[in-house]
Amino acid sequence: MMKMTDKAFAKKLFGAKYERLPRTLLIDIIVFWGLYIAGFQVQIASSVRVLMVSAFTAGVMWQALSSKDNAEELKAMLMLPFRHREFVFSYVAALGVYAILTKTGLLLAVLLAVSEWKMIEIIGIVLCMLHAVLLAAAVYSLRKYWYADILWTAIVVAAILLYGSRTWISLLLPANGLLAVLFLWRADGYAFYQWESKRSYAVRQKKRASLWRYFFRYLTCHKNYLFNTAVMWCVALVMPYFLKEIAGLSVVPIGFAVLSLNTPICILLSCDRDLEQAVRFLPGQKRRFCIPYCLFIFLCNMMADTIFLISWQTQNGGGTALMACGVVFFALQSAVLSVLLEWFYPIHDWKIESDLWHHPRKYVVPAVMLLLAGAASAWPLLLYAMLVLMAVETVVVLGICWK
C-alpha cells in the first residue's frame, strides 16, 4: 500500500516517467560548475547556512502542503481505503523529496560552489533539510493549534541562530525531528486536507461581480500571499539602512527594483486556470481584465515603494521630487511588464503552486527593473527620459488593451 501511494504522489510531482528529476539535477550541476570555475567565494557563517537551508526547505514544503492543486489530488486519494500512518509518511516523503531535489537542490548547489565546506558540515546540512521537511509537515498537521506552532517554530529559529555554529546542533535538530515524527505518527491523512468552508464558497460565488472585489478577496483567501506582501513591506522598511551603507542616495532606484519581486500578485492567470480560460474565451476581456489587473499590481507596488521612500527619508533624508517620480515610474513600469508577461506568457507547465512561486520567470521583471535602476543611478537625468517613456508606453499599452 505504501509503495503504491509513494508512486502515485511521485508521478504527480515528477511526471509520469519521472522526467523532471534528470532535468532538475542537470540544472543544479550546471549552476554549481559554472559558479565553481568562476572562482567566486563568499564567507558564510555556519548558523546562516543552517538557517538559510532550513527556512527555504520548510517554506517550499509548506507551499507544497498548502497547494490547492495538490489538495485536489489528496482529496481523490482520501476517497480510497488507506492506512493512516502509511499514507501520512508516504505523502510527507513524496513532498519532501520534491522540495529537496527540485528547490533546495539549486540553493545548495550555489552555496556549495561559492563557499568552503567540510564533510561534517555537508552531513549537517542534509540533516537540516530532513528536519525542515518533518517540522513543516508536523506544524501543518497541527495548524489548528497555530499558537503552539508559532512557539515551536520560534524556538527552533532561535536555537539555530544562537547555536547554529556549534557541532551539537547536529544532535538538537535530529531530536526535534524525532518529535515531529511522533506528531506525524499520531496524525491521519485528513490532517493535511484543506477543508472548504461555506465562507470560501460564498466568496468564490461573488467573484464575478467585480474584478476589484475578486483581486482583494483573492488575497484574503490566500493568507500566504498576504504574508508575502507583508514581508515585502518589512523589507521596504529596513532596506534603506543597508542601501545607505552601500552607496548612498544613488541606489534608491535599486530599492524600487527589488520591491517589484512580489510573485503572488503577478501570477494570477497562471495559478487560476479557470479564470484564465474565462478571460481568454469571453469577448472583450483583454481590456476589462488587463487594465484593472495592471492598476491592482501598480497599487501594490506603490504601497511598498512609498513605505521604502518614507523609511529612506526618515532614516537618511535627502529625498527629492525626482525620487517621488521614480516611485511612480518603477511601480507602473513593473506592473505593465508583469501584466504583459502574464497575458502573453502564462506558466502552464507546473505541478503544484510552489512551482509558480519559484519559476525562473519571476525574475524577468525585477531583472529589467534592476537594469533600469542601475542606469538611473549612474545617470540621474536618464530618469526624466524614463518618465517620458513611461507616459508614452502607458498610452500605447492602454490603447492595445482597449481594442
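Residues numbered from 1 in each chain as written. Predicted model: local features only at pLDDT ≥ 70, side-chain atom pairs only at ≥ 80, totals over all residues. Heavy atoms only, no water.

### Quick look at the overall build of the chain
Thought 1: In terms of helices and strands, the chain carries 19 helices and zero strands.
Thought 2: The 403 residues of the chain split such that 45% are buried.
Thought 3: Of the contacts made within the chain by residues no fewer than 6 positions apart, 84% connect residues no fewer than 24 positions apart.
Thought 4: Accessible surface, the chain as shown: approximately 21600 Å² in total, 71% of it carbon and sulfur. (Helix = DSSP H or I, 4+ residues; strand = E, 2+ residues; numbered from the N terminus. Buried < 20%, exposed > 50% of the residue type's maximum accessible area, 1.4 Å probe, protein only. Contact = heavy atoms within 4.5 Å. Areas by Shrake-Rupley, 256 points an atom, 1.4 Å probe, with all protein chains shown as cover.)

### Concerning empty space enclosed by the protein
Thought 1: If you walk through the whole model with that rule in mind, you get two cavities of 30 Å³ or more.
Thought 2: Of the voids in this model, the largest cavity is the one considered here, and its volume is about 150 Å³.
Thought 3: Secondary-structure elements contributing two or more residues to the lining of the largest cavity are α16 (321-344) and α18 (364-378).
Thought 4: Space inside the second largest cavity adds up to approximately 40 Å³.
Thought 5: The wall of the second largest cavity is formed by Thr229, Met232, Trp233, Leu259, Asn262, Cys300, Asn301 and Ala304.
Thought 6: Those elements that place two or more of their residues in the lining of the second largest cavity are α11 (223-246) and α15 (285-315).
Thought 7: A per-class count over the lining of the second largest cavity returns five nonpolar, three polar and no charged. (1 Å grid on protein atoms, 1.4 Å probe; cavity = no way out; pocket = protein on both sides within 12 Å on 5 of 7 lines; lining within 4 Å. Points joined across faces, edges and corners; volume = space filled by probe spheres on them. Nonpolar A, V, L, I, M, F, W, Y, C, P; charged D, E, K, R; others polar.)

### Considering the state of the cysteines
Thought 1: On inspection of all chains with the given rule, the structure shows zero disulfides.
Thought 2: We note that cysteine 266 lacks a disulfide partner, and the nearest cysteine sulfur, in cysteine 300, lies 8.5 Å from it. (Disulfide = S-S within 2.5 Å.)

### Brief notes about a nonpolar patch on the surface
Thought 1: A cluster of nonpolar side chains, namely Leu112, Met119, Ile120, Ile122, Ile123, Val126 and Leu130, defines an oily patch on the protein surface of about 610 Å² accessible area.
Thought 2: Sort the elements by how many residues they give to the nonpolar patch and helix α6 (residues 119-141) lands first, with six residues. (Patch = residues over 30% accessible without salt bridge, like charges linked within 9 Å, V, L, I, M, F, W, Y side chains within 5 Å. Salt bridge = Lys/Arg side-chain N within 4 Å of Asp/Glu carboxyl O.)

### As for the nonpolar core
Thought 1: Counting 51 residues, the largest nonpolar core has Leu268, Phe289, Tyr293, Phe296, Ile297 and Phe308 as the members making the most contacts within it.
Thought 2: Elements represented by at least two residues in this core include exactly α10 (211-220), α11, α12 (252-258), α13 (268-271), α14 (273-281), α15, α16 and α18.
Thought 3: Looking at which element gives the most residues to this core, the answer is α15, with 13 residues.
Thought 4: Contact partners of tyrosine 293, with chain neighbours within four places excluded, come to Phe215, Ile265, Cys266, Ile267, Leu268, Val339 and Glu342.
Thought 5: Counting residues in each nonpolar core, the second largest holds 45 residues, with Leu13, Tyr91, Ala138 and Ala180 among its members. (Core = buried A, V, L, I, M, F, W, Y, C linked by side-chain atoms within 4.5 Å.)

### Quick word on the pattern of salt bridges
Thought 1: What the rule picks out here adds up to one salt bridge.
Thought 2: Among the ionic pairs, arginine 49 bridges to glutamate 121, the shortest N-O distance being 3.1 Å. Residue arginine 49 is found in helix α3 (residues 46-65), and its partner glutamate 121 is found in helix α6; the two are separated by 72 residues along the sequence.
Thought 3: Its relative accessible area of 5% is what places arginine 49 among the buried residues.
Thought 4: You can call glutamate 121 partly exposed: its relative accessible area is 23%.

### Some points on the environment of threonine 153
Thought 1: Tracing the chain through its elements places threonine 153 in helix α7 (residues 146-163).
Thought 2: Threonine 153 sits 17 residues away from alanine 136 along the chain, and the two C-alpha atoms are 9.1 Å apart.

### Here's the deal with the packing of aromatic side chains
For any two aromatic rings, the description comes down to two numbers: the centre-to-centre distance and the angle of the planes.
Thought 1: Enumeration over the complete set of coordinates arrives at eight aromatic pairs.
Thought 2: Ring geometry for phenylalanine 89 against tryptophan 185: centres 6.1 Å apart, planes inclined by 55°, an arrangement best described as tilted. A residue pair is termed long-range when its members are at least 10 positions apart, and phenylalanine 89 in helix α5 (residues 84-114) and tryptophan 185 in helix α8 (residues 169-186) qualify at 96 residues.
Thought 3: A relative accessible area of 44% means that tryptophan 185 is categorised as partly exposed.
Thought 4: Here the aromatic rings of phenylalanine 256 and phenylalanine 330 are separated by 5.8 Å at their centres, their planes lie at 45°, and the arrangement is tilted. Within this pair, whereas phenylalanine 256 is found in helix α12, its partner phenylalanine 330 is found in helix α16, the two being separated by 74 residues in sequence.
Thought 5: On the basis of relative accessible area, phenylalanine 256 is assigned to the buried category, the value being 2%.
Thought 6: Site record: aromatic cluster; members linked through ring pairs are Phe256, Phe308, Trp312, Phe329 and Phe330.
Thought 7: Just above the ring of tryptophan 117 sits the side chain of arginine 49; from NZ or CZ to the centre is 4.2 Å. (Phe/Tyr/Trp six-rings, centres within 6.5 Å; stacked < 30°, edge-to-face > 60°. Lys NZ or Arg CZ within 6 Å of the ring centre and 35° of its normal.)

### Structural notes on the confidence of the model for the chain
Thought 1: Taken as a whole, the chain shows an average pLDDT of 76; of its residues, 75% reach a score of 70 or greater.
Thought 2: Per-residue pLDDT, averaged within each element of the chain, yields its smallest value for helix α9 (residues 198-205) (42) and its largest for α6 (88).
Thought 3: This stretch, residues 197-209, has a pLDDT under 50; its non-local contacts, to residues over four places away or in other chains, come to seven contacts. (pLDDT = per-residue confidence, 0-100.)

### Re α14
Count 3.6 residues to each turn of an α-helix, and residues three or four apart come out pointing the same way.
Thought 1: For α14, the set of buried residues is Leu275, Glu276 and Val279. Projected down its long axis, α14 shows its buried positions confined to an angular sector of 100°, all on one face. Away from its buried face, by an angle of more than 90 degrees, α14 presents the exposed residues Asp274 and Phe281. (Arc of directions from axis to C-beta.)

### Focus: the packing of α5 against α8
A pair of packed helices is captured by two measures, namely the crossing angle of their axes and the spacing between those axes.
Thought 1: Two numbers describe how α5 lies on α8: the axes approach to 8 Å, and their chain directions differ by 130°. Considered as vectors, α5 and α8 are oriented oblique to each other. Residues Arg85, Val88, Phe89 and Val92 of α5 form the contact with α8, whose participating residues are Val181, Leu184 and Trp185. (Axes fitted to C-alpha atoms, helices over the stretch in contact; angles between N-to-C directions. Parallel < 35°, antiparallel > 145°, perpendicular 65-115°, else oblique.)

### Remarks on the side chain of serine 270
Thought 1: Along the chain, serine 270 turns up in helix α13.
Thought 2: Judged by relative accessible area, serine 270 falls into the buried class, the value being 1%.
Thought 3: Residues within four places of serine 270 in sequence aside, it is in contact with Glu342, Pro346, Ile347, Trp350, Leu356 and Arg361.

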